Amino acid sequence: MRVEYTPIYRPNLGLGQWAAMLDGILQSDRPNHEYPAFDIEVVGDNQFAISLAVPGFSPDQLSIETENKVLTVKGEKPQDAEKRRFLHQGIFSRNFERRFNLAEHTEVNGAHYRDGLLTVRLVKRIPEAMKPRRIEIDNVGQVLSPAQATLPIA
């Protein structure tokens, strides 16, 4: 019996490399699990890039969507009017759909296509309220009793 771990352990972008590494280990025995091949790169503080090898696809045959913290990249080619006959076919050119789970507050910042590589730029924007902040300690004030420490409601 084969257990499918992909929905649980897809690369969680913005959370680090461990989920991606675990995903690779768990999927390593699946045929064609790497189609299309991709890289996930840290390009700066809270900035990432996913590059997918999409040879034979033009930019108008590719689509990128996000919904519910899932990034979906699709490649769809029109059906050939004439069937081609190959003696050997080593260049994959079939339709694909690749999904990546995005970490909280991670969003697509743009995409570009060049020389058969589609690169999707991501940025993790942490809200100010969630960022760590330093609290100054006042050492000259007097210690208040709990009754005195109650702040008046304005």
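Our subject is the structure listed above.
Everything quoted here is computed from the prediction, not taken from an experiment.

Participant: Please provide a residue-by-residue account of the pattern of salt bridges, values included.
Facilitator: Evaluated as defined, the whole model comprises 6 salt bridges. A salt bridge links Lys69 to Glu104; its shortest N-O distance comes to 2.9 Å. Placement of Lys69 in the loop between strand 4 (62-67) and strand 5 (70-75) and of Glu104 in the loop between strand 6 (96-102) and strand 7 (106-114) is noted, with a sequence separation of 35 residues between them. With a closest N to O distance of 2.5 Å, Arg99 and Glu97 form a salt bridge. Relative accessible area serves as the criterion here: at 37%, Arg99 is assigned to the partly exposed category. Each of the salt bridges in this network shares a partner with another, and the network as a whole consists of Lys74, Glu97 and Arg99.

Participant: Explain unusual backbone geometry residue by residue, including any values.
Facilitator: Positioned with a positive phi, His105 is a non-glycine residue whose angle comes to about 70 degrees. As for its placement among the helices and strands, His105 is situated in the loop between strand 6 and strand 7. The backbone of Asp115 sits at a positive phi, close to 50 degrees, despite the residue not being glycine. With respect to the helices and strands, Asp115 occurs in the loop between strand 7 and strand 8 (117-124). Note on Asp115: relative accessible area 70%, which makes it exposed.

Participant: Go over the sheet that holds strand 8, please, and point to the residues and values.
Facilitator: Here we have 4 strands laid out as an open sheet, ordered 2-3-8-7, and antiparallel in their pairing. Among the strands making up the open sheet, the edge pair consists of strand 2 (38-44) and strand 7. Neighbour to neighbour, the strand axes of the sheet diverge by 20 degrees on average, direction disregarded. The sheet contact formed by strand 3 (residues 47-53) and strand 8 spans 7 bridges and is antiparallel. Each residue of the ladder has a partner; that of Leu52, found in strand 8, is Leu118.

Participant: Go over the nonpolar core, please, and point to the residues and values.
Facilitator: By size, the foremost hydrophobic cluster in this structure holds 16 residues, and its most contacted members are Ile50, Val54, Leu71, Phe96 and Leu122. When residues of this core are traced back to their parent elements, those giving at least two are strand 3, strand 5, strand 6 and strand 8.

Rules of the game
- Per-chain numbering applies: the sequence of each chain, read as written, is numbered from 1 onward.
- At least 70 in pLDDT is required for a residue's local features to be given in this predicted model, at least 80 for side-chain atom pairs to be given and counted, and no such filter applies to totals for whole chains, interfaces and linings, which use all residues.
- To get the side-chain values, all heavy atoms of the structure are used, and hydrogens and water are removed first.
- Any carboxyl oxygen of Asp or Glu within 4 Å of a side-chain nitrogen of Lys or Arg constitutes a salt bridge here.
- For the purposes of this entry, the term helix denotes a DSSP run of H or I that reaches at least four residues, the term strand denotes a run of E that reaches at least two, and both are numbered from the N terminus.
- When accessible area is computed with a 1.4 Å probe and restricted to protein chains, residues below 20% of their type maximum are described as buried, those above 50% as exposed, and intermediate ones as partly exposed.
- Here a strand pair is declared whenever DSSP counts at least two bridges between the two strands.
- Only the contacting stretch of a helix is used when fitting its axis, a line to C-alpha atoms as for every element, and angles between N-to-C directions run 0 to 180 degrees.
- By nonpolar core is meant a set of buried Ala, Val, Leu, Ile, Met, Phe, Trp, Tyr and Cys residues that side-chain atoms within 4.5 Å join together.

Bear in mind that shape data such as this cannot, by itself, settle questions of function.
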